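Here is what each chain is made of, one letter per residue.
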Amino acid sequence: MEEAKKLLNEINEPADLRELAVEELPQVCSELRDFIIDVLSSNPGHFGASLGVVELTVALHYVYNTPYDQLIWDVGHQAYGHKILTGRRDIFETNRKYKGISGFPKRSESEYDAFGVGHSSTSISAALGMSVAAKLNNEPNRKIVAVIGDGAMTGGLAFEGLNNAGVENSDLLVILNDNNMSIDPNVGGIHQYLLNISKSQTYNRFKREVWEGLGRLNGFGPRARRLVQKTEHAFKNILLKQSNLFEAFNFRYFGPVDGHDVVYLAKVLRDLKDIPGPKLLHILTQKGKGFKQAEINQTRFHAPGRFDKSTGEIYSCECEIEKAPKFQNVFGETIVELAEQNDKIVGVTPAMPTGCSLNIMMEKMPGRAFDVGIAEQHAVTFSAGLAARGMIPFCNIYSTFMQRAYDQVVHDVAIQNLHVVFCLDRGGLVGEDGATHHGVFDLAFMRNIPNMVVSAPMDEIDLRNLMYTAQLEGNGPFSIRYPRGCGIYANWKKPFQKIEIGKGRIIAEGNDIAILTIGKPGIFAKRAVKKLQKENISAAHYDMRFIKPLDEDLLHSVFKKFNTVITVEDGVIKGGFGSAVAEFMVENGYSAKLKFLGVPDAFVEQGSLDELYRECGFDMVGIYKSALEMLEK
Ligand SMILES: Cc1ncc(C[n+]2csc(CCOP(=O)(O)OP(=O)(O)O)c2C)c(N)n1
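Residues numbered from 1 in each chain as written. Predicted model: local features only at pLDDT ≥ 70, side-chain atom pairs only at ≥ 80, totals over all residues. Heavy atoms only, no water.

(A) Structural view of the site of the ligand. Near the ligand, the surroundings consist of 22 residues, among which His 77, Gly 151, Ala 152, Lys 287 and Glu 376 are the closest. The separation between a nitrogen atom of the ligand and a polar main-chain atom of Gly 118 is 3.0 Å. A distance of 2.7 Å separates an oxygen atom of the ligand from a polar backbone atom of Gly 151. (Near = heavy atom within 4 Å. Polar contact = N/O pair within 3.5 Å; in protein donor to acceptor, adjacent residues only side chain to side chain.)

(B) Region of the structure containing the nonpolar core. Formed by 80 residues in total, the largest nonpolar core has its most connected members in Phe 394, Met 402, Phe 422, Met 446 and Leu 516. With 7 residues, the single largest contributor to this core is helix α15 (residues 327-341). Apart from the residues lying within four places of it in its own chain, the contact partners of Met 402 are Val 380, Ile 397, Val 409, Phe 422, Leu 424, Phe 445 and Met 446. Ranked by size, the runner-up nonpolar core spans 52 residues in total, among them Val 54, Phe 92, Leu 272 and Ile 283. (Core = buried A, V, L, I, M, F, W, Y, C linked by side-chain atoms within 4.5 Å. Buried < 20%, exposed > 50% of the residue type's maximum accessible area, 1.4 Å probe, protein only. Helix = DSSP H or I, 4+ residues; strand = E, 2+ residues; numbered from the N terminus. Contact = heavy atoms within 4.5 Å.)

(C) Expanded view of the pattern of salt bridges. The full count for this structure, using the stated rule, is 24 salt bridges. Arg 96 serves as the salt-bridge partner of Asp 433, at 2.6 Å between the closest nitrogen and oxygen. In this pair, Asp 433 is assigned in the loop between β9 (421-425) and α21 (442-447) and Arg 96 in the loop between α5 (80-88) and α6 (123-136), connecting sequence segments 337 residues apart. The partner of Asp 171 in a salt bridge is Lys 143, with the nearest N and O atoms 3.4 Å apart. (Salt bridge = Lys/Arg side-chain N within 4 Å of Asp/Glu carboxyl O.)

(D) Quick look at the side chain of Thr 154. With respect to the secondary-structure elements, Thr 154 resides in the loop between β2 (144-149) and α7 (156-168). Judged by relative accessible area, which is 17%, Thr 154 ranks as buried. At 3.1 Å, the side chain of Thr 154 forms a polar contact with the backbone nitrogen of Ile 374.

(E) Region of interest: the pairing of strand β17 (residues 593-599). Alignment of strand β16 (residues 564-572) against β17, held across 6 bridges, turns out to be parallel. Note on β17: the bridge partner recorded for Ile 566 is Lys 595. Following the chain from β16 across helix α25 (residues 577-587) to the adjacent parallel β17, one finds a crossover that is right-handed. (Pairing = 2+ DSSP bridges. Right-handed = clockwise from strand over helix to strand, strands pointing away.)

(F) Local environment of the environment of Gly 290. Inspection of the secondary structure puts Gly 290 in the loop between β5 (278-284) and α13 (292-296). On the basis of relative accessible area, Gly 290 is assigned to the partly exposed category, the value being 47%. Sequence separation between Gly 290 and Ile 37 is 253 residues, and the spatial gap between their C-alpha atoms is 9.2 Å. Leave out the neighbours within four places in its chain, and Gly 290 touches Arg 33, Ile 37 and Glu 295.

(G) Structural detail: helix α20 (residues 406-414). Among the residues making up α20, those that are buried are Gln 408, Val 409, Asp 412, Val 413 and Ala 414. One side of α20 carries all its buried residues, which in axial view fall inside an arc of 155 degrees. Considering only its buried residues, α20 is in contact with α18 (376-388), α19 (399-402), β9 and α21. (Arc of directions from axis to C-beta.)

(H) The arrangement of the sheet that holds β16 in detail. What the 5 strands build is an open sheet, ordered β12-β14-β13-β16-β17; its pairing is mixed. Of all the strands in the sheet, just β12 (505-508) and β17 have a single pairing partner and so form its edges. When the angles between neighbouring strand axes are averaged without regard to direction, this sheet yields 25 degrees. Direction of pairing for strand β13 (residues 513-517) relative to strand β14 (residues 539-543): parallel, over a ladder of 5 bridges. The partner of Ile 515 across the bridge, within β14, is His 541. Each of β13, β16 and β17 touches helix α27 (residues 620-630); the most contacted strand, β17, lies at about 160 degrees to it. (Axes fitted to C-alpha atoms, helices over the stretch in contact; angles between N-to-C directions.)

Here you go:
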């Protein structure tokens, strides 16, 4: 039998796709899916989400005139198919790698990436902005489409966009990609609402019939419009309250339709293209579609790392093999231990229970740990409410996503001096997710908030002890930030020890130069000190543990003894730990040669952690070289 022609290899841009007959689209989808599976098995990334939107991606680029028409992906972790169809097939193997292409849509990378993303729930607002701009620029034929998942739809920002889009009456299509999953199973009222719609058999049958009826008409003349109106009227009667959610925002609601039937999807999109005003198309898809293990274990295959593409077996990372725990697991297990001793402790996560390991507590203590959806602002104010009534919430938010909830930290927690423990996971550079995900601002933006304690453990034993200390009676807002990845000790479950708040510790005594570190870079400094010893340089190393309050006694002793000092942090230098030390030095009339190592005043792109630490110059070698330079050796 003649081997099927490889269609994908001929598609260098969407215009090539548009040359194909609609019957050829299923084959394009199948080839695209195989391509994604093949590359992702050896070069890890977000997997399940992209597999789930293969048909949608092909249908969108087939029907819409991209890049003139603007396609906005929410979060953007599902846009691999989009990248492959829009001129990046040959470089897709560099996805998420150092100097390679980004794992998310990025305006500077391609004209097809209409809007840069990484954080969720932005697509409707951005699309509305573009739609209004199209109107103001007198571009009536430019179409704007936002694709948003049911998880991202739980974010408040999405509703702010919907709310505004209705009154602007803009020509905008929002596609709700409903796979019934966030990273973990989706939660909350919207989720239940979408399930109800999707399961309503009368409704689904009715919708299908209406679309088929529309399909028999040629284009959308006045007759078709009348039919749409009649249909809407009928929907309202049949569904009672069900479809009112989106219609209440003045959107026309269409669907749900099967998001894996590419031919049908293309037809639906073509029909919708000519209906003016704000529209929402609800499609049903399966996360991980086409790769059995990913369909079965959707959370694990959200971003599985390397895996065997024939068996679906996921390979462990190196540090796990060495048995050092991930910081997230130290958090997950420690909060359970603490909550067993202190019945005021509760856990809160905005949609990252597996990512931050709060799922351990959710399983063991179901009434005391809460996944609140992709809703960082709400997570913080919800925690404030809990604390106002005497609970001690551990609110775990990835550092990068905490940027969303700054006002809530200031206004709802800190001003009222409430005892909320913020655990900021993925603090510092995070590697392959790149600029949108590095957690490099938190030390700087937390340290200027009155009442806030700001701490960063150097290792996982310190993380445990800081968590223990933070929950003790009498504390106010307390933030603990820790990095992505594994710690260093296989044997980390030691008895709890209280840490004195605002006190650092001496790691190494020395005479020639002082190295002050906060958090994980302390590990690099430890190694640098050993290397400097070999050059007969005696370097002192202090792990400050707290950037607020600063250990002033320790700093007085440092500036009295040393006139050459290096600060090292895994965060932005401007306004961060080094700045705090410099402020102390100036305020107290000391003068020393100071060097700040950390993240420069520029957005750091993606790469492995080692590559990025090296680029920023605060890995072991960077610290070592800086010490030599400062001592002019
Ligand atoms: C503000 C913010 N919080 C959390 C995340 C982490 N995150 C990435 S994808 C995702 C789930 C998104 O679910 P959905 O929109 O349904 O897309 P799916 O992965 O199911 O296709 C989450 C929580 C994020 N990107 N942005």
